[in-house]
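Single-letter residue listing:
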Amino acid sequence: MIAPRMDADVPVVGAGAAGIAAARRLRARGRSCLVLEAGSRVGGRAWTDAAGLDLGASWLHVAEVNPLTALARELGFTLHDDGRRRRDLLLAEGGRPATAADRAALEAAGDAWEAAVAARAAQREKQGGPDIPLGEAPPRGGRWDATVDHWFGAIINGIESRRSSLIDYVATVLDGQNLQVKEGIGTLLTRLAEGLPIRLGTRVRRLSAGITADTETGCVQGRAAIVTLGTGVLPALAFDPPLPAAVTQAIAGLPLAPVLKVALRAAGQERFRLPPFARLGRMVEGPDDRPCSWMLWPFGRPWAVAYLGGSLAESLPDAVSAEAAARAELARYFGAAAVARAFPDPATVAHWPADPLFRGSYSYARVGAAGARAVLAEAAPMGGRLRFAGEACHTRYAGTVGGAWESGEAAAEAIHVALG
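All of these numbers come straight from a predicted model, not from anything done at the bench.

(A) Representation of helix α6 (residues 185–192) within the structure. For α6, the complete set of buried residues consists of I185, G186, L188, L189 and L192. In an axial view of α6, the angular spread of the buried residues amounts to 155°, which keeps them on one side of the axis. The elements touched by buried residues of α6 are α1 (17–28), α2 (67–74), β5 (179–181) and α13 (401–419).

(B) Here's a closer look at the sheet that holds strand β7 (residues 204–208). If you trace the four strands from one edge of the open sheet to the other, you get β9-β8-β7-β11, paired in mixed fashion. For this open sheet the edge positions go to β9 (218–221) and β11 (238–240), each flanked by a neighbour on one side alone. When the angles between neighbouring strand axes are averaged without regard to direction, this sheet yields 20°.

(C) Structural view of unusual backbone geometry. With omega at 5°, the peptide bond leading from G210 into I211 counts as cis. Looking at the element boundaries, I211 is found in the loop between β7 and β8 (212–215). With an omega of 5°, the peptide bond running from D240 to P241 counts as cis. For P241, the position within the fold is in the loop between β11 and α7 (245–252). Here F272, not a glycine, exhibits a phi torsion of approximately 55°, which is positive.

(D) The packing of aromatic side chains, seen in detail. Under the defined criterion, the tally for this structure stands at twelve aromatic pairs. Ring centres of F272 and F343 lie 6.3 Å apart, and the angle between their planes is 40°; this geometry places the pair in the tilted category. A residue pair is termed long-range when its members are at least 10 positions apart, and F272 in the loop between β12 (260–265) and β13 (278–282) and F343 in the loop between α10 (336–342) and β16 (348–351) qualify at 71 residues. Just as F272 is buried, F343 falls in that class too. A ring pair is formed by W297 and F343, whose centres lie 6.3 Å apart and whose planes are at 20°; its orientation type is stacked. Placement of the pair is W297 in the loop between β14 (293–296) and β15 (303–308) and F343 in the loop between α10 and β16, with a sequence separation of 46 residues. Per residue, the accessibility class of W297 equals that of F343, and both read buried.

Definitions and limits used
Residues numbered from 1 in each chain as written. Predicted model: local features only at pLDDT ≥ 70, side-chain atom pairs only at ≥ 80, totals over all residues. Heavy atoms only, no water. Buried < 20%, exposed > 50% of the residue type's maximum accessible area, 1.4 Å probe, protein only. Helix = DSSP H or I, 4+ residues; strand = E, 2+ residues; numbered from the N terminus. Arc of directions from axis to C-beta. Contact = heavy atoms within 4.5 Å. Pairing = 2+ DSSP bridges. Axes fitted to C-alpha atoms, helices over the stretch in contact; angles between N-to-C directions. Phe/Tyr/Trp six-rings, centres within 6.5 Å; stacked < 30°, edge-to-face > 60°.

Everything listed here is a matter of coordinates, which is why it stays silent on function.
Here it is, written out as structure tokens:
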């Protein structure tokens, strides 16, 4: 009898942080693997461009326990502590510079928001009852309440608080140290992927119980598989037999937030008297006001980087509209003429929702889908020979590169055990 073809013990679908971590762990366990990546590069939603700018993931969150922190240091990467909540330039009503009293009031409103959200989640856990929108928990009507809610919702969580789960938000809220990587997080992942068997430009269309990965260039045969695609594109991958209903419901309950990044490069020496890593923020003025967040001059480089999330990002269908929105926002701080002089060249725009390989940035849980991450992380269809991994699968550090990395390692360990 002729032995069946075997390309690798474990095909890994996707070469982002989770796929790279899974492949490294499988090889450490003595398992052969083959990483299949539809795009032309590794790193997934961590992407550092040729200018050294992180267009996707920008921080090593919770750096004290993030596995990538130690790996970055071992490789000699340069890390910078981003701090917390600092605003070098904060605007209050009418665009006037915030006073010390304004800043103190904003800080107090932020503390009250976090305390109220934590208390409401604890009450739900104690008394039971259904999940509720995150936006129902925090204070409303205070002078800075809408600003704080917008910051924690559309900016940090990537989606307005009324659209996401309270229970999931509290379970995955991030604390601790945030580090930026001078050489870029995408560069870090590229280094960590060196030596791995990776096929770029290889989109997997179907995965069957064989285990057979059907790609646009042929089939890849294995004994088990790990799928690390983000939930924005995971529904497009066909499974034979179909996934259990609980798994498909979990995927649907964890959409990707529509976060964009717009980077303007200063052509001259104008720095608006702001230091490296300067942060800009302003008060929300009215129900339809949707500010973006800014970081200027990271590592002393001539970039002003805007982060746009939630319904603002959803209203911007392409790079042109995203750049226009970012320029209009920056003009509120420095004036339209000054912004035009300082940044005469077209922006670099990372429009993740429009990218067909991703369709979004990082996951949030819809209201009522608070348990979806655990379902996806623990799912073992196809007789235990299929596992999912990625930031959406991490029940504590969701939405982070470190969470994706840990998830990939966990999936590889589970597959190693299943193969015996």
